[in-house]
Amino acid sequence: QVELVESGGGLVQPGGSLRLSCTSSRSISVIFTMGWYRQAPGKQRELVARFTGGSTNYADSVQVRFTISRDNAKNTVYLHLNSLNPEAPAVYSCHARRDPSDVSVWGQGTQVTVAS
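Since this is a predicted model, take the numbers as computed values, not measurements. (Residues numbered from 1 in each chain as written. Predicted model: local features only at pLDDT ≥ 70, side-chain atom pairs only at ≥ 80, totals over all residues. Heavy atoms only, no water.)

**Q** Explain the overall build of the protein chain to me, please; I cannot follow it from the model alone.
**A** Summing up its helical and strand segments, the protein chain has zero helices and 11 strands in all. Of the regular secondary structure in the protein chain, the N- to C-terminal order runs β-β-β-β-β-β-β-β-β-β-β. A globule of 116 residues ought to have a C-alpha radius of gyration of about 13 Å, and the protein chain, at 14 Å, matches this closely. Along the first, second and third principal axes, the C-alpha atoms of the protein chain reach 40 × 30 × 25 Å. Counting over 116 residues, the protein chain shows a buried share of 39%. Considering the protein chain, the positive charge centre built from 11 side chains and the negative charge centre built from 8 side chains are found 2 Å apart. (Helix = DSSP H or I, 4+ residues; strand = E, 2+ residues; numbered from the N terminus. Rg over C-alpha atoms; globule rule 2.2 N^0.38 Å. Buried < 20%, exposed > 50% of the residue type's maximum accessible area, 1.4 Å probe, protein only. Lys, Arg positive; Asp, Glu negative; His and termini not counted. Charge placed at Lys NZ, Arg CZ, Asp CG, Glu CD.)

**Q** Could you clarify how one ought to interpret the sheet that holds strand S8 (residues 76-81) in this entry?
**A** Within a sheet, each strand pairs with its neighbour through backbone hydrogen bonds, oriented either parallel or antiparallel. Taken in spatial order, the four strands line up as S1-S3-S8-S7 in an open sheet, and their pairing is antiparallel. Strands at the two margins of the open sheet, each flanked by one partner only, are strand S1 (4-7) and strand S7 (66-71). Direction aside, neighbouring strands of the sheet carry axes that sit 20° apart on average. Here strand S3 (residues 18-24) pairs with S8 via six bridges, running antiparallel. Paired with Thr-23 across the two strands is Thr-76, which belongs to S8. (Pairing = 2+ DSSP bridges. Axes fitted to C-alpha atoms, helices over the stretch in contact; angles between N-to-C directions.)

**Q** I tried to follow the packing of aromatic side chains on my own but got confused; where do I start?
**A** Where two aromatic rings form a pair, the distance of their centres and the angle of their planes describe that pair. Summed over the entire model, instances satisfying the criterion amount to one aromatic pair. For the pair Tyr-37 and Trp-106, a centre-to-centre distance of 5.0 Å together with 65° between the ring planes defines the contact as edge-to-face. Within this pair, whereas Tyr-37 is found in strand S4 (residues 33-39), its partner Trp-106 is found in strand S10 (residues 105-106), the two being separated by 69 residues in sequence. Residue classification places Tyr-37 among the buried positions, given a relative accessible area of 14%. Positioned above the aromatic ring of Phe-51, the side-chain terminus of Arg-70 is 5.1 Å from the ring centre. (Phe/Tyr/Trp six-rings, centres within 6.5 Å; stacked < 30°, edge-to-face > 60°. Lys NZ or Arg CZ within 6 Å of the ring centre and 35° of its normal.)

**Q** Please explain the pairing of strand S9 (residues 87-97) as it appears in this structure.
**A** Two faces belong to every sheet, and in a regular strand the side chains alternate between them. Pairing between S4 and S9: seven bridges, direction antiparallel. Across the sheet, Thr-33 pairs through a bridge with Arg-97, a residue of S9. Pairing of S9 with strand S11 (residues 110-114), which is carried by four bridges, proceeds in the antiparallel orientation. Pairing of Tyr-92 across the sheet is with Thr-110, part of S11. In this structure, S9 lies alongside S10, joined through two bridges in antiparallel fashion. Residue pairing in the sheet places His-95 in a bridge with Trp-106 of S10.

**Q** Got a minute to help me understand the nonpolar core in this structure?
**A** One recurring pattern in soluble globular proteins: nonpolar side chains tend to sit buried together. Judged by nonpolar contacts, the single largest core of 29 residues is most densely connected at Leu-4, Met-34, Trp-36, Val-48, Phe-66, Leu-79 and Tyr-92. Every element with two or more residues in this core is listed here: S3, S4, strand S5 (46-52), S7, S8, S9 and S11. Other than its neighbours up to four places away in sequence, Leu-79 contacts Leu-18, Arg-19, Leu-20, Trp-36, Val-48, Ala-49, Phe-66, Thr-67, Ile-68 and Tyr-92. (Core = buried A, V, L, I, M, F, W, Y, C linked by side-chain atoms within 4.5 Å. Contact = heavy atoms within 4.5 Å.)

By themselves, these are just geometric observations and shouldn't be taken as functional.
The following block contains the structure:
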């Protein structure tokens, strides 16, 4: 069983940037899929970006501004949020699945708020 811990959220000025980190308790080099989702109040949780099977996938709404990266030695996946616009606070959650037959594992989540 893997545990995921997110960090890096908080309050940021409009136009600013944040880097979110998700650290796994186990090696991420063999994990089938690992990435980020977000959920704003009153809305469904949505995919932001993820690594799956050696490829990288982004939601259409964020692929220009956000970048996902990884450091296998640190068992960490990052999400770089750039050019942030004011919006309702959202919780960004890390997600992983060891292989296609396993259940999904979620981190606790880290909140991002963009405001002046």
